[in-house]
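Architecture at a glance
Here is how the chains run, residue by residue.
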Amino acid sequence: MKAKILTDEGDGSMPMLFGRVLDGKGGGRPISWEEVPEWRPGNDNEMLWIHLQRTHPGVQQWLEECLGIPEPTAELLTGEATRPRAFRDGSTLVATLRGINFNPGAEPEDMLSMQLWSDGKRVVTLRRLPLQTPRMTCNDVDAGTGPVDAGSLVTSLTEHLIDRMSHSIIDMNDAIDELEDGDPEEDTESVLDKIATIRRNCLGLKRHMSPQHEALLAIANNAPDWFEDHDRREIAETIDRLRRYLDDLDISKESALVLQDDIRARAAASTERTQNMLTMVAGIFLPLTFLTGLLGINVSDIPLASPGSHGFWIIVGLCLGLFVIELLIARKLKWI
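First, a word on scope: everything that follows refers to the structure included in this document. (Residues numbered from 1 in each chain as written. Predicted model: local features only at pLDDT ≥ 70, side-chain atom pairs only at ≥ 80, totals over all residues. Heavy atoms only, no water.)

1. Topic: the overall build of the protein
- Helices and strands together make up the secondary structure of the protein, namely 7 helices and 7 strands.
- Seen in sequence order, the protein has helices and strands lined up from the N terminus as β-β-β-α-α-β-β-β-β-α-α-α-α-α.
- For the protein, the residues scored as buried account for 42% of the 336 residues in total.
- In the protein, the proportion of contacts linking residues at least 24 apart, taken out of those at least 6 apart, comes to 67%. (Helix = DSSP H or I, 4+ residues; strand = E, 2+ residues; numbered from the N terminus. Buried < 20%, exposed > 50% of the residue type's maximum accessible area, 1.4 Å probe, protein only. Contact = heavy atoms within 4.5 Å.)

Here you go:
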């Protein structure tokens, strides 16, 4: 039985998909939507994380009124601008990140965005479509092995986003290896279609994930002071991993291109051989056809047409001799 994919999908009755109060030790407790406006940290280690559906009515107004987020920032968090970016706004960090869409029926290049806001004591993440990454981090918190503060929560979310990217790259490389090991001449059109799909996926992932590199650099270099040095090192590791994945995408794209060119070259060579064979056959039978056609015209004085002249067998022998001579000439010219 196929394992169920856990996402952050909610019932749509309220903006909050889930919320946790982190205890600073890797664990946390759930918090309801009604408790969020009145929440205050019980000690220096506690931190609030809420995950919202940004398309729910009233989310922007709630962000402005309950969290005091400036209107332009609230519009960014709930808007449709999904290009990865990150910036510091005083003591807060604002970011838009992208992850690969693993929802059923989605293509790898279909990307999902996640907006993030944090002031060091509160972290708000928002999304439009179901996303696996927040649920994975939430599961870590529920298991007591999750992030301990806002900085480590941000790094955990980014790490999960980037790690998911590796699965698509591995799948594409496996598909390329399978195509290379197979017989492309069995169904050339189908193989070329698969290669074209892989190339489009590579281009799509590269186009969408390259800006994420700049966003992560902005987090590492310009995050507020509550983003500690070890968090910056974790982000730096994630940036290095993203660079490797982008390089792997280039390699996968080039491998697909080489395989595509090889298949097309084989197909062109096969077509050329077929054309050469047909040309050779036509060249051999053209004189024979001319001879038999000449003798078959309906005029008088046709040679060997009189009874008892054995004309049929003479013409057959002449054709066979001409056929052998043509074969010898073709072999000498290395046509066969």
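This is not the end of the story, as more comes after the structure.
2. Observations regarding helix α3 (residues 132-142)
- What α3 keeps buried is the set Gln132, Thr133, Pro134, Arg135, Thr137, Cys138 and Val141.
- Packing partners of the buried residues in α3 comprise β1 (16-22), β2 (28-30), β3 (47-53), β6 (111-118) and α4 (150-181).
- Backbone geometry just after α3 places Gly144 at a positive phi near 80°.

3. What about the nonpolar core?
- The biggest cluster of nonpolar side chains holds 53 residues, and the ones touching the most others in it are Trp49, Met165, Ile219 and Leu249.
- Top contributing element to this core by residue count: helix α5 (residues 188-222), with 12 residues.
- For Ile219, the residues in contact, after removing those within four places along its chain, are Ala86, Leu93, Ala95, Phe227, Arg232 and Ile235.
- Core analysis: the next-biggest nonpolar cluster, separate from the first, contains 21 residues, Ile31, Ile50, Val59 and Leu67 among them. (Core = buried A, V, L, I, M, F, W, Y, C linked by side-chain atoms within 4.5 Å.)

4. Focus: the pairing of strand β4 (residues 85-89)
- Relative to strand β5 (residues 92-100), β4 is paired through 5 bridges, and the arrangement is antiparallel. Bridging across to β5, Asp89 finds its partner in Thr92.
- Hairpin geometry of β4 and β5 is characterised by an intervening segment of 2 residues between the two adjacent antiparallel strands and by a positive phi of about 70° at Gly90. (Pairing = 2+ DSSP bridges.)

5. Here's the deal with a nonpolar patch on the surface
- On the surface, Met277, Val281 and Phe285 cluster together to form a nonpolar patch covering roughly 270 Å² of accessible area.
- When you line up the elements, Phe285 lands in helix α6 (residues 229-295). (Patch = residues over 30% accessible without salt bridge, like charges linked within 9 Å, V, L, I, M, F, W, Y side chains within 5 Å. Areas by Shrake-Rupley, 256 points an atom, 1.4 Å probe, with all protein chains shown as cover. Salt bridge = Lys/Arg side-chain N within 4 Å of Asp/Glu carboxyl O.)

6. Details of the pattern of salt bridges
- Summed over all chains, the structure comprises 6 salt bridges.
- Its salt-bridge partner being Asp119, residue Arg122 comes within 2.8 Å of it at the nearest N-O pair.
- Between Asp250 and Lys206 there is a salt bridge; the shortest N-O distance is 2.8 Å. Placement of the pair is Asp250 in helix α6 and Lys206 in helix α5, with a sequence separation of 44 residues.

7. Observations regarding the side chain of Thr155
- As for its position among the elements, Thr155 is in helix α4.
- For Thr155, a relative accessible area of 5% gives the class buried.
- Apart from the residues within four sequence positions on either side, Thr155 is in contact with Phe227, Asp231, Glu234 and Ile235.

8. Quick notes on the environment of Gly58
- Mapping Gly58 onto the fold places it in the loop between β3 and α1 (59-66).
- With relative accessibility at 44%, the residue Gly58 sits in the partly exposed group.
- Sequence separation between Gly58 and Pro15 is 43 residues; the distance between their C-alpha atoms is 8.3 Å.

9. Things to note about the pairing of β5
- The element β5 is largely enclosed, with a buried count of 9 among its 9 residues.
- Taking every second residue as pointing to the same face, both faces of β5 are buried, with Thr92, Val94, Thr96, Arg98 and Ile100 on one and Leu93, Ala95, Leu97 and Gly99 on the other.
- Relative to β6, β5 runs antiparallel, the two sharing 8 bridges. If you follow Arg98 over to β6, its bridge partner there is Ser113.

10. Considerations on the sheet that holds β1
- Taken together, 7 strands build an open sheet; the order of strands is β2-β1-β3-β7-β6-β5-β4 and the sheet is mixed. Pairing within the sheet leaves two strands with one partner each, and these edge strands are β2 and β4. Geometrically, the sheet is characterised by an average inter-axis angle of 20° between neighbouring strands, direction not taken into account.
- With 6 bridges joining them, β3 and strand β7 (residues 122-127) adopt parallel strand pairing. Opposite Trp49, over in β7, you have Val123 as the bridge partner.
- The strands touched by α1 within the sheet are β3 and β7, with β3 carrying the most contacts at an inclination of about 160°.
- Relative to β1, α3 is tilted by about 35°, and along the sheet it contacts β1, β2, β3 and β6. (Axes fitted to C-alpha atoms, helices over the stretch in contact; angles between N-to-C directions.)

11. Description of the packing of α4 against α6
- At a closest axis distance of 10 Å, the pairing of α4 and α6 adopts a crossing angle of 15°. Viewed along their axes, α4 and α6 adopt a mutual orientation that is roughly parallel. For α4 against α6, the interelement crossing comes out left-handed.
- Tallied by class, residues from the contact of α4 with α6 come to 13 nonpolar, 9 polar and 7 charged. (Parallel < 35°, antiparallel > 145°, perpendicular 65-115°, else oblique. Left-handed = near helix turned anticlockwise from the far one by under 90°. Nonpolar A, V, L, I, M, F, W, Y, C, P; charged D, E, K, R; others polar.)

These results come straight from atomic positions and should not be treated as a statement about function.
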